[in-house]
Amino acid sequence: MNGWPRSRRFAVVMAAAAVGASGLYSFVITPAMFARVPNPARGEMLAAVFPYYFLVMAMLSLAVMMSVAIWQKAGTAIRICAGIASVLALFNWLYAGPVLRALGEEIRSGNLTDPGHPVRQAFGRWHGISQSGNLTMILCFIIVSILAFRERPPAPVQAEDQ
């Protein structure tokens, strides 16, 4: 990593931080909540945490995108993956998150327990959309990290013998 430009190092570090944060939240914290916290309290806890998770992911994705934009030799696939991750993170933060929050509050305030209720079905649809975006975003960050490591820094120029 010593021969890499700062923007490349920053892109890799931010992408790795995004993979770590999203992986921890998606595959450790959330399943642990579902396994240990009773249903009404679980929904309230997740509703309190999701906006911050979406904000953190949006900020990390924008940091990756900006550093990739500055990194002049970043490949097209890296740029596309960074862009997709940013769009998905912003979508979750600015649109899907508020929709899920409103639907969740409606479910909790109306004590809607019937899985066939239209509000619960809408929540399930939006949750699936958000989860799909989240998993795609994680995959994009992994691809950015892998491709950034695969690109070789230019060989050092050696002085010619005279």
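First, a word on scope: everything that follows refers to the structure included in this document. (Residues numbered from 1 in each chain as written. Predicted model: local features only at pLDDT ≥ 70, side-chain atom pairs only at ≥ 80, totals over all residues. Heavy atoms only, no water.)

In this section: the overall build of the protein chain. Each helix and strand counted, the protein chain has 4 helices and 0 strands in total. When the elements of the protein chain are put in sequence order from the N terminus, they spell out α-α-α-α. In terms of overall dimensions, the protein chain is more spread out than a globule: its C-alpha atoms have a radius of gyration of 20 Å, far above the 15 Å expected for 162 residues. Dimensions of the protein chain along its principal axes, counting C-alpha atoms only, are 85 × 25 × 20 Å. Per-residue burial over the protein chain gives 37% buried out of 162 residues. Counting only contacts in the protein chain whose residues sit at least 6 apart along the sequence, the fraction spanning at least 24 positions is 74%. Accessible surface for the protein chain amounts to roughly 9900 Å². Of this, 65% is attributable to carbon and sulfur atoms. Within the protein chain, the 7 negative side-chain charges are centred at a point lying 3 Å from the centre of the 13 positive side-chain charges. (Helix = DSSP H or I, 4+ residues; strand = E, 2+ residues; numbered from the N terminus. Rg over C-alpha atoms; globule rule 2.2 N^0.38 Å. Buried < 20%, exposed > 50% of the residue type's maximum accessible area, 1.4 Å probe, protein only. Contact = heavy atoms within 4.5 Å. Areas by Shrake-Rupley, 256 points an atom, 1.4 Å probe, with all protein chains shown as cover. Lys, Arg positive; Asp, Glu negative; His and termini not counted. Charge placed at Lys NZ, Arg CZ, Asp CG, Glu CD.)

So, on to a nonpolar patch on the surface. There is a patch of nonpolar side chains on the surface, built from Leu24, Phe27, Val28, Ile29 and Leu135 and spanning about 450 Å² of accessible area. Ranked by residues supplied to the nonpolar patch, first place goes to helix H1 (residues 6-36) with 4 residues. The residue Leu135 is located in helix H4 (residues 118-150) in this model. (Patch = residues over 30% accessible without salt bridge, like charges linked within 9 Å, V, L, I, M, F, W, Y side chains within 5 Å. Salt bridge = Lys/Arg side-chain N within 4 Å of Asp/Glu carboxyl O.)

Right, let's talk about the pattern of salt bridges for a bit. All told, the structure shown has 1 salt bridge when counted by the stated rule. Of the charged contacts in the structure, one is a salt bridge between Arg101 and Glu105, with a shortest N-O distance of 3.5 Å. Note that Arg101 and Glu105 are positioned in helix H3 (residues 76-109) at a spacing of 4 residues, about one turn of the helix. Judged by its relative accessible area of 42%, Glu105 falls in the partly exposed class.

Relative to each other, H3 and H4 sit at 155 degrees, their axes nearing to 8 Å. The angle between H3 and H4 falls in the class roughly antiparallel. For the pair H3 and H4, the sense of crossing is left-handed. Partitioned by chemical class, the residues of the contact of H3 with H4 number 27 nonpolar, 7 polar and 2 charged. (Axes fitted to C-alpha atoms, helices over the stretch in contact; angles between N-to-C directions. Parallel < 35°, antiparallel > 145°, perpendicular 65-115°, else oblique. Left-handed = near helix turned anticlockwise from the far one by under 90°. Nonpolar A, V, L, I, M, F, W, Y, C, P; charged D, E, K, R; others polar.)

Running from amino to carboxyl end, H1 crosses H4 at an angle of 145 degrees, the nearest separation of the two axes being 9 Å. Where H1 crosses over H4, the handedness of that crossing is left-handed. Counting all contacts with H1, which are made through Arg8, Val12, Ala15, Ala16, Ala18, Val19, Ser22, Ser26 and Phe27, the residues of H4 involved are Asn134, Leu135, Ile138, Phe141, Ile142, Val144, Ser145, Ala148 and Phe149. Of the residues assigned to the contact of H1 with H4, the class counts are 13 nonpolar, 4 polar and 1 charged.

This part covers the nonpolar core. Formed by 30 residues in total, the largest nonpolar core has its most connected members in Met57, Val64, Val68, Ile78, Met137, Phe141 and Val144. At the level of secondary structure, the elements contributing two or more residues to this core comprise H1, helix H2 (39-70), H3 and H4. When residues no more than four places from it in sequence are discounted, the contact partners of Met137 are Tyr53, Met57, Ala85, Leu88 and Ala89. If you look at the next biggest cluster of nonpolar residues, it comprises 6 residues, including Val99, Leu103, Ile107 and Leu112. (Core = buried A, V, L, I, M, F, W, Y, C linked by side-chain atoms within 4.5 Å.)

Once that is clear, we can look at the side chain of Ser7. Within the element layout of this structure, Ser7 appears in helix H1. Excluding residues within four positions of it along the chain, Ser7 makes contact with Ser67, Ile70 and Trp71.

Another aspect to go through is the state of the cysteines. Scanning all chains against the criterion turns up 0 disulfides. Cysteine Cys81 remains unbridged, with the sulfur of Cys140 as its closest cysteine sulfur at 4.4 Å. Here Cys140 falls in the buried class, since its relative accessible area comes to 6%. (Disulfide = S-S within 2.5 Å.)

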